[in-house]
Amino acid sequence: MHSIGRPLKRLEDRPLLTGAGRFAADIAFPGQVTMRVVRSPVAFGRLLAIDASAALACPGVLAVWTAADVADLPPIDFRMTKIDGLEPYRQPVLARDFVRYVGEPVAVVFAADPYAAEDAADLVFCEIDDLSPCLDPLAEPGEFAPGASTLRTEPAVLRKGYGDLDAAFAQAHAVVELAVSIGRHSGIPLETRGAVAILGDDDVLTLHGAAKVVHYNRDAIARMLGRDPAKLQLSECHVGGGFGIRGEIYPEDVLACAAALRLRRPVRWIEDRREHQIAANHSRDQSHRLRAAVDGRGFILGLDVCFFTDQGAYIRTHGATVSDLAAALLPGPYIVPAYRVEGHIRLTNKTPSGTYRAPGRYETTFARERLIDAIAHRLGLDPVAVRRVNLIPETAMPFDRGIDALGTHVVYDSGKYHDLLERALGHLGYPALKDEIAARRATGEAVGLGLAFFVEKSGLGPRDLARVSVAGDGAVRIVTGACSIGQGVETAMAQICAETLRVPIDRMTVVHGQTREIPIGFGAYASRVTVMTGSAVKLATEDLLGQASRIAGRLLQADPAVLAYRDGAFLHPDTGASVDLATIASQSAEGLTGEGLFETSHMNYPYGVHVAQVRIDRETCGVSVERYLVAYDIGRAINPMLVEGQIVGAAVQGIGGALLEEFVYDPDGQPLATSFADYLMPTSREAPPVDVLLREDAPSPLNPLGVKGAGEGGLTAVGAAIASAVDDALGRPGLVSRLPITPDFLHGALAAPAGR
Amino acid sequence: MKPAAFDYHRPTDVAAALALLDLHGADGKVLAGGQSLVAAMNFRLARPGVLIDVNRLAELDYLRVEGGHLRIGALTRHAAFHRPVVEGPLGRLLSRVVDHVAHYPIRQRGTFAGSLAHADPASEWCLAATVLDAEIVVRNLRGERLIPAAAFFKGTFTTALEPDELIIEIRLPLLDAGWQGGFSEFSRRAGDFALAMALAALKVEGGIIRAAKLGIGGVADRAIRLSGIEAALVGREATESSFRAAGAEASHALEPGADIHASSGYRRDLIAAMVTRALAEAAA
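Note on numbering: residues in each chain are counted from 1, in written sequence order. Chains and ligands are labelled sequentially in the order written, the chains with letters from A and the ligands with numbers from 1. In view of the model being predicted, local features appear only for residues whose pLDDT reaches at least 70, and side-chain atom pairs are presented and counted only at 80 or more, with totals across whole chains, interfaces and linings using the full set of residues.

- As recorded in an unreviewed UniProt entry, chain B goes by the name Xanthine dehydrogenase family protein subunit M, listed as coming from Methylobacterium terricola.

- You'll find chain A entered in an unreviewed UniProt entry as Xanthine dehydrogenase family protein molybdopterin-binding subunit, with Methylobacterium terricola given as the organism.

Focus: the overall build of chain A
Reasoning step 1: From N to C terminus, chain A includes 19 helices and 29 strands.
Reasoning step 2: Relative to its length of 756 residues, chain A is compact, with a C-alpha radius of gyration of 27 Å against a globular reference of 27 Å.
Reasoning step 3: Dimensions of chain A, computed from the C-alpha atoms along their principal axes, are close to 85 × 75 × 50 Å.
Reasoning step 4: With C-beta atoms placed from the backbone, a residue counts as buried when 20 or more other C-beta atoms lie within 10 Å of its own, as exposed when 12 or fewer do, and as partly exposed for counts between those limits. In chain A, which comprises 756 residues, the share counted as buried stands at 57%.
Reasoning step 5: In chain A, 82% of the contacts between residues at least 6 apart in sequence involve partners at least 24 apart. Under the DSSP-based scheme used, a helix requires at least four consecutive residues in state H or I and a strand at least two consecutive residues in state E, with every element numbered from the N terminus. The size measure is the radius of gyration over C-alpha atoms, and the globule rule it meets is 2.2 Å times the number of residues to the 0.38 power. By the criterion used throughout, residues are in contact when their C-beta atoms, derived from the backbone, lie within 7 Å.

Comments concerning the overall build of chain B
Reasoning step 1: In terms of helices and strands, chain B carries 10 helices and 14 strands.
Reasoning step 2: The C-alpha radius of gyration computed for chain B amounts to 19 Å, which stays within 12% of the reference 19 Å derived for 284 residues, consistent with globular compactness.
Reasoning step 3: Projecting the C-alpha coordinates of chain B onto the three principal axes gives extents of approximately 55 × 45 × 30 Å.
Reasoning step 4: Residues classed as buried in chain B amount to 49% of the 284 residues present.

Concerning the pairing of strand E2 (residues 28–31) of chain B
Residues and elements named next belong to chain B.
Reasoning step 1: Burial along E2 is two-sided: Gly28 and Val30 facing one way and Lys29 and Leu31 facing the other are all buried.
Reasoning step 2: Relative to strand E3 (residues 50–53), E2 runs parallel, the two sharing 4 bridges. Each bridged residue has a counterpart across the sheet, and for Gly28 the counterpart in E3 is Val50. Note on pairing: two strands pair once DSSP finds at least 2 bridges between them.

What about the environment of Gly360(A)?
Reasoning step 1: When you line up the elements, Gly360(A) lands in the loop between strand E15 (339–346) and helix H9 (361–379).
Reasoning step 2: Sequence-distant contacts of Gly360(A), that is, excluding residues within four places in its chain, are made with Val322(A), Leu325(A), Ala326(A) and Leu329(A).

Notes on the sheet that holds strand E9 (residues 194–199) of chain A
All names here are of chain A.
Reasoning step 1: Reading across the sheet, the 7 strands line up as E3-E5-E1-E12-E9-E10-E11 and stay open at both edges, with mixed pairing between neighbours. The open sheet has two edge strands with one neighbour each: strand E3 (61–66) and strand E11 (232–236). Pairwise comparison of adjacent strand axes, ignoring direction, gives a mean angle of 20° for this sheet.
Reasoning step 2: Alignment of E3 against strand E5 (residues 105–111), held across 5 bridges, turns out to be antiparallel. Across the sheet, the residue bridging to Trp65 is Val108, located in E5.
Reasoning step 3: Every angle, taken between N-to-C directions, lies between 0 and 180 degrees, and every axis is a line fitted to C-alpha atoms, over only the stretch in contact when it is a helix. The strands that helix H5 (residues 214–225) touches are strand E10 (205–210) and E11; relative to E11, the one it contacts most, it runs at about 145°.

Focus on the domain arrangement of chain B
Residues and elements named next belong to chain B.
Reasoning step 1: On domain assignment, one finds that chain B holds domain 1 (7–53), domain 2 (58–173) and domain 3 (179–283).
Reasoning step 2: The source of the domain bounds is an automatic or database domain assignment. On a C-alpha basis, the centroid separation for the pair domain 1 and domain 2 is 18 Å.
Reasoning step 3: Of all the elements in the fold, those that place two or more residues in the side of domain 1 that touches domain 2 are helix H1 (14–24) and E2.
Reasoning step 4: Looking at the side of domain 1 that touches domain 2, the element that brings in the most residues is H1, giving 6 residues.

Some points on the interface of chain A and chain B
Reasoning step 1: On the chain B side, the residues contacting the 20 residues of chain A number 16 residues.
Reasoning step 2: For the side of chain A that touches chain B, the secondary-structure elements that each account for two or more residues are helix H3 (114–121), helix H7 (273–279) and helix H19 (743–751) of chain A.
Reasoning step 3: Basically, the charged four are Asp, Glu, Lys and Arg, the nonpolar ten are Ala, Val, Leu, Ile, Met, Phe, Trp, Tyr, Cys and Pro, and anything else, Gly included, counts as polar. Per-class residue counts for the side of chain A that touches chain B are 6 nonpolar, 4 polar and 10 charged.

With respect to helix H10 (residues 383–390) of chain A
Residue and element names in this part refer to chain A.
Reasoning step 1: Pro383, Val386, Arg387 and Asn390 are the residues of H10 that are buried. Projected onto a plane normal to the axis of H10, the buried residues spread over an arc of 100° and lie on a single side.
Reasoning step 2: On its buried face, H10 is in contact with strand E14 (300–310), H9, helix H11 (417–428) and strand E18 (446–455). The arc in question is the one spanned by the directions pointing from the helix axis to the C-beta atoms.

A closer look at the sheet that holds strand E4 (residues 98–99) of chain A
Residues and elements named next belong to chain A.
Reasoning step 1: Sheet architecture is open: 3 strands sit in the order E4-E2-E6, paired in antiparallel fashion. Every interior strand has two partners, whereas the edge strands, E4 and strand E6 (125–130), have only one.
Reasoning step 2: When strand E2 (residues 45–51) meets E4, the two strands line up antiparallel, connected through 2 bridges. Counterpart to Arg46 in the pairing with E4 is Phe98.

A look at the nonpolar core
Reasoning step 1: Residues Ala107(A), Val109(A), Ala256(A), Ile478(A), Cys497(A), Ile722(A) and Val726(A) are the most contacted members of the largest nonpolar core, which totals 238 residues.
Reasoning step 2: With 12 residues, the single largest contributor to this core is helix H14 (residues 529–555) of chain A.
Reasoning step 3: Those residues in contact with Ala256(A) that sit more than four places away from it in its chain are Met35(A), Ala195(A), Ala197(A), Leu207(A), Val267(A) and Trp269(A).
Reasoning step 4: Note on definitions: a nonpolar core is a set of buried residues drawn from Ala, Val, Leu, Ile, Met, Phe, Trp, Tyr and Cys, linked by C-beta atoms within 7 Å. In this structure, Leu20(B), Val138(B), Leu166(B) and Ile216(B) belong to the second largest nonpolar core, which totals 89 residues.

Focus: the environment of Val614(A)
All names here are of chain A.
Reasoning step 1: The topology assignment puts Val614 in strand E26 (residues 607–616).
Reasoning step 2: Taking the C-alpha atoms as reference points, Val614 and Arg184, separated by 430 residues in sequence, lie 23 Å from one another.
Reasoning step 3: Sequence-distant contacts of Val614, defined by excluding residues within four places in its chain, comprise Gly448, Val623, Ser624, Val625, Glu626, Ile722, Ala725, Val726 and Ala729.

What to know about the confidence of the model for chain B
Atom-level detail of predicted coordinates should not be read off regions where pLDDT is low.
Reasoning step 1: For every residue, the predictor reports its confidence as pLDDT, a number between 0 and 100. Of all residues in chain B, 100% have pLDDT values of 70 or greater, and the mean over the chain is 97.
Reasoning step 2: Across the assembled chains, the prediction reports ipTM 0.95 with pTM 0.97.

A look at unusual backbone geometry
Backbone geometry follows two general trends: most residues other than glycine have a negative phi, and most peptide bonds adopt the trans configuration.
Residue and element names in this part refer to chain A.
Reasoning step 1: For the bond from Met397 to Pro398, the omega torsion is -10°, close enough to zero to count as cis.
Reasoning step 2: A cis geometry characterises the amide bond from Leu739 onward to Pro740, with omega recorded as -5°.
Reasoning step 3: With respect to the helices, strands and loops of the structure, Pro740 is situated in the loop between strand E29 (738–739) and H19.
Reasoning step 4: Of note, the phi angle at Leu406 is positive, near 50°, even though the residue is not glycine.
Reasoning step 5: A positive phi angle is found at Cys621, which is not glycine, with a value near 65°.
Reasoning step 6: By secondary structure assignment, the location of Cys621 is in the loop between E26 and strand E27 (623–633).

As for the UniProt feature "domain: Aldehyde oxidase/xanthine dehydrogenase a/b hammerhead" (unreviewed entry) in chain A
Reasoning step 1: UniProt positions are given in the numbering used here, feature names are shortened, and annotations may be inferred rather than shown by experiment. UniProt records the feature "domain: Aldehyde oxidase/xanthine dehydrogenase a/b hammerhead" (unreviewed entry) for residues 18–132 of chain A in the present numbering.
Reasoning step 2: Secondary structure across residues 18–132 of chain A divides into 10% helix and 30% strand, with the first and last C-alpha atoms of the span separated by 52 Å.

Brief notes about the domain arrangement of chain A
Reasoning step 1: When cut into domains, chain A gives domain 1 (24–133 + 192–239 + 246–279), domain 2 (152–185 + 282–392), domain 3 (414–456 + 605–756) and domain 4 (460–599).
Reasoning step 2: Distance between the C-alpha centres of domain 2 of chain A and domain 4 of chain A: 44 Å.

Observations regarding helix H10 (residues 264–283) of chain B
In an α-helix, one full turn covers 3.6 residues, which means residues spaced three or four apart are oriented alike.
Reasoning step 1: Multiplying 1.5 Å by the helix residue count minus one yields the expected span of that helix. Its 20 residues place the ends of H10(B) 29 Å apart at the C-alpha level, agreeing with the 28 Å of an ideal helix rising 1.5 Å per residue.
Reasoning step 2: Burial analysis of H10(B) places 18 of its 20 residues in the buried class, which makes it a mostly covered element.

Looking at the packing of helix H16 (residues 640–660) of chain A against helix H18 (residues 718–730) of chain A
Residue and element names in this part refer to chain A.
Reasoning step 1: Viewed as axis vectors pointing N to C, H16 and H18 meet at an angle of 55°, and their least axial separation amounts to 8 Å. Classified by the interaxial angle, the pair formed by H16 and H18 is oblique. By crossing handedness, the relation of H16 to H18 is classed as right-handed. Here Ala651, Gly654, Ile655, Gly657, Ala658 and Leu659 of H16 lie close against H18, whose contacting residues are Val718, Gly719 and Ile722. With respect to orientation, any angle under 35 degrees is reported as roughly parallel, any angle over 145 as roughly antiparallel, any angle of 65 to 115 as roughly perpendicular, and every other angle as oblique. Definitions for this section: a left-handed crossing has its near helix turned counterclockwise from the far helix by less than a right angle. A right-handed crossing has that turn clockwise.

Topic: the packing of helix H13 (residues 489–501) of chain A against H14(A)
Residues and elements named next belong to chain A.
Reasoning step 1: Axis separation between H13 and H14 bottoms out at 9 Å; the angle between their running directions is 35°. As H13 packs across H14, the resulting crossing turns out to be right-handed. For the pair formed by H13 and H14, the contact residues are Val489, Ala492, Met493, Ile496, Cys497, Thr500 and Leu501 on the first element and Val529, Thr530, Thr533, Gly534, Val537, Lys538, Thr541, Glu542 and Leu545 on the second.
Reasoning step 2: Split by residue class, the contact of H13 with H14 holds 9 nonpolar, 5 polar and 2 charged.

Structure representation (structure tokens):
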């Protein structure tokens, strides 16, 4: 009986569905202190003084810290994509000398309970000499710290490319140019962040509420605190959504740890919604200018791109990751023989930003697919035909892009792009659907179709370790260095283990997000867990089974090679004697534990097609998504039900970024979308039926499971597909040049004369 | 997002509630459904020193028809209107409107009277009260008075209610069977505040409009009754072109407000569409 490929119900659901979940805010200790962050009320200014005397006089207040109290704590370092010149732009845990965005931590109050803490925080007065904020990432770079340094607000410019671009443009049949932008939005987990730090009697400090990358964060926080990493543990609770933004080190995590050490009391910080909207990482917010040299068939001979990423006030843990990924992966599924890209990292006086599910790909897929539509329109060609002409053929796989991303060489490992495109069209009955749309449009309805192709990336290395053990009662324990942000890690790992071990997954416990349990872990991001941790679990299970087989041979007095293995037991084919794993474990002196280490230096590349059908109310400019298809090849689906859940959830999130969500600022840099009344997440009423065409036609040759990551591809092309559908519905090619496509934007765009 | 400290009272009869309001004056705030007030307190945008919870005032939990009016007791929840509360066009119209009042869980808790007291410019009930000639019965320790909707709403979150007064009931004149209501609203998502909305009631005989009530909401500091357009509609044919003309005129009735979701110009065009649609529905 195979376990892989079956839609088994999730191991992790029982506590969640019965109300037994334990999230960060459920962690409480006797004698705990509440931490409340005092945040900058202005976007940019010199921090002259902080008066905490009134706050300190409040009942229940233990301490108020400002930058001076944490002068020993260094700024928060980069976890990824550390490139030269970024260091001076790192964020201090509390603002020093300048405040650079509304919401920046300037002080922390420690008090007996959340009410007293908030009362006192209201009484911390900051004397700030206001400076004129920079809010436009396209403006000439200005001074980062006027009068204090010569740093400019452009920390770095990334340049990548290959091929002879000049030759491409010299032989072009046409040159198509396009300027597009993607608004500022982010992953918004419904559970806000939390950090609960407690110092044990054994002098081990434990931080609860950690997520995503607990091993890295343990080491990084230990370094900041000047503490032996062995004296710091990070522990993940249930996590109500990650999406890339949660689980990075933020000032609050470090402050909670430092306070637990200094105050010798458990310290608890639970973020509120308003804080989350201005404190946790923002994302997206890119502007692209593209120039393509094309031949008469719409084949891209050369592509020249310049883009700007608004990274907000500081460079946080992701360093240059988003811009690096955008620059490297923009060409996507197309051949593009010559390419040049210049990515400007710009700072403004907004909340700092980082990665959000499909970072760099959501943005560049929008830019690239808008360009393909523009090429088709310019040449009078069918947009699907132009995609066919440009797609990398199966025979070219593996396809070396000749470019690096995240320090790895970009080589598309496998893919049948044309085949998936035809399957997606076939699944929709595309010609008949186009006729149906045309018939509706003839009656005056504004209804349209949009298609976008994309390549994702997943399975970022460098390595992962897993240990699988069987106890004397037959219980299986799988210890991983992965983290669970709600994506179904436990079930997927158990199914991979069960495929080899042939025992039901409900006998398995999967450990994740606990630094004390395993020395190596690279966590959950970049759609890496199923690929990396999953492969390690497979190797560990095989190691365990090999050991078990040797012990079984000894116990049954037979050559292990002759034993048959079935449903968790070894069977002697001649004598009929058998011994199961539980017995082997209980009769083996050293217990029964297998270990697997999986390493890779390459990412792998799933790919897909999105098709959106939208209807627009011409009078209100409201856009309704009537139907949505995601066709996605992930090589191999461990649990197709979980994959479908990932894809549907991601598609709805993508609709949020395409139509609804935006962090809007006023001209003074005040954030205006600080609650769910103004930051509009899609609800079930805005979510269309999402049709998923899951394919396993191009397994990855880079790991023993053949899997590619499934976490992000439901999101990647949503902005592109919906934009194309809106153009189509209104009969205005190129109308949508930005996301989100708000009714107000459409109203303005429709009022402008056609064919700008 | 924890509220500032406050004192809390939960009286069990109206007299006691009025005594508390009298005692605390402007420092006191009535808590009914709490769907706006509690959020405002958590954001510390509202910091009432004293909360007077009226949820135990059973005597205000009623809906009845009396003297040609629908009388809505102050404790009536939004959800009560999901089913028509009275036969005829009024019950049908209120039932049509309530689907746009926030979301299902909020409708179980929030009250009709609370919406009026809060006076959000995008409140559907404030628009209904304005267009349907509601009278608001308010009471303090010294007595009771009747305030017509036209005099009740003073602006964003501002009403004619004195700090020591409590809304007792809202009276909506019944609409006879000759009337038909229509409502249209546009918001970014289902349940969001209206970017614009219109509520209409028409009496049509032989294809001719004999009487009209019309108003718009979500576009100014309060719901706006369009009396001039009502008068102009009377005597005209109940046709699409009449409604479009009314919509166009309504869009020039005022300079709509702008916010992050809608510019003034966009709202202006939305008004035209909402008015046209509400009228068409009222004549369908």
